[in-house]
Amino acid sequence: MNKQYLWGDATTEGKPADFSGMVGNYSFSANFDRTDVKVGEALTLSVDIKGDGTPGTITDPKFPDFSNFRSVPPENNINKKVVGSKVITSKSIKVFLYPKKKGDFTVPEITYSWFNPAKKKYETAKAGPWNIHVEKGENAPEAVFQNPVAASGPAAVLVFFVVLDLGDGLGGNADILD
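It should be emphasised that the depicted structure is a prediction, and the values quoted were computed from it without experimental measurement.

Conventions adopted
Residues numbered from 1 in each chain as written. Predicted model: local features only at pLDDT ≥ 70, side-chain atom pairs only at ≥ 80, totals over all residues. Heavy atoms only, no water. Helix = DSSP H or I, 4+ residues; strand = E, 2+ residues; numbered from the N terminus. Polar contact = N/O pair within 3.5 Å; in protein donor to acceptor, adjacent residues only side chain to side chain. Contact = heavy atoms within 4.5 Å. Pairing = 2+ DSSP bridges. Axes fitted to C-alpha atoms, helices over the stretch in contact; angles between N-to-C directions. Buried < 20%, exposed > 50% of the residue type's maximum accessible area, 1.4 Å probe, protein only. Salt bridge = Lys/Arg side-chain N within 4 Å of Asp/Glu carboxyl O.

Relative to the helices and strands, threonine 89 is located in strand E9 (residues 86–99). Engagement of the side chain of threonine 89 in a polar contact is seen with the backbone nitrogen of glycine 56, the distance being 2.8 Å. Setting aside residues up to four positions removed in sequence, threonine 89 forms contacts with Ile49, Lys50, Gly51, Thr54, Pro55, Gly56, Thr57, Ile58, Ile78, Asn79 and Lys80.

Pasting the structure below:
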């Protein structure tokens, strides 16, 4: 089955399972700011996608299961720039991840697929996998809970998550948050 576009046919033959729905010429990269971290510290996954498809629109890649990490909603930044007769859209995604426990973890590869009408074929870019080594943190979660610090952004969310995780172990002292 072919789908008709102004630039020609996009066949379903060879269509990747993770097809993003994007049509154009794209580039994709993803990387962590570091791979050694302590419990309580944040890792940042930076994803950059750039292309000349629908101006101002770029879909997110399918992210792997981050079950060994706590995460906060990602930061997204989209920019448009006219280059010649094309509008180039770039999207930067920052995903903040906090390891739940010490150990060695593998974050699977992330792929991004699009249809390139100039080449009349689907293309896929890949990044990863990454091996993340997590050491025990300096402060146990209890210390963070007992001595909270004023914070904003991802650090404030970390404290919130720690409080929630400790909630069951407060022995009925839920009013301690008042």
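Another aspect to go through is the sheet that holds strand E3 (residues 19–23). Across the sheet, which stays open at both edges, the three strands sit in the order E3-E11-E12 with mixed pairing between neighbours. Edge strands, defined here as strands with exactly one partner in the open sheet, are E3 and strand E12 (121–127). Each neighbouring strand pair of the sheet contributes to a mean axis angle of 30°, computed without reference to strand direction.

Among the structural elements, serine 29 can be located in strand E4 (residues 26–32). For serine 29, a relative accessible area of 36% translates into the label partly exposed. Each C-alpha atom, one on serine 29 and one on isoleucine 49, is 6.7 Å from the other, the two residues being 20 residues apart in sequence. Beyond its immediate sequence surroundings of up to four residues, serine 29 is in contact with Ser46, Val47 and Asp48.

Put simply, glycine 128 and proline 129 share a cis peptide bond, and its omega is 0°. With respect to the helices, strands and loops of the structure, proline 129 is situated in the loop between E12 and strand E13 (130–135). You will see that lysine 120, though not glycine, has its phi angle at about 55°, which is positive. Its place among the elements puts lysine 120 in the loop between strand E11 (110–116) and E12.

The next point concerns the pattern of salt bridges. If you walk through the whole model with that rule in mind, you get five salt bridges. Of the charged contacts, one joins arginine 34 and glutamate 41 as a salt bridge, the two residues approaching to 3.4 Å between their closest N and O atoms. Glutamate 138 is the partner of lysine 38 in a salt bridge, and the nearest nitrogen-oxygen pair spans 2.7 Å. Of this pair, lysine 38 sits in strand E5 (residues 36–38) while glutamate 138 is found in the loop between E13 and helix H1 (141–146), placing the two residues 100 residues apart along the sequence.

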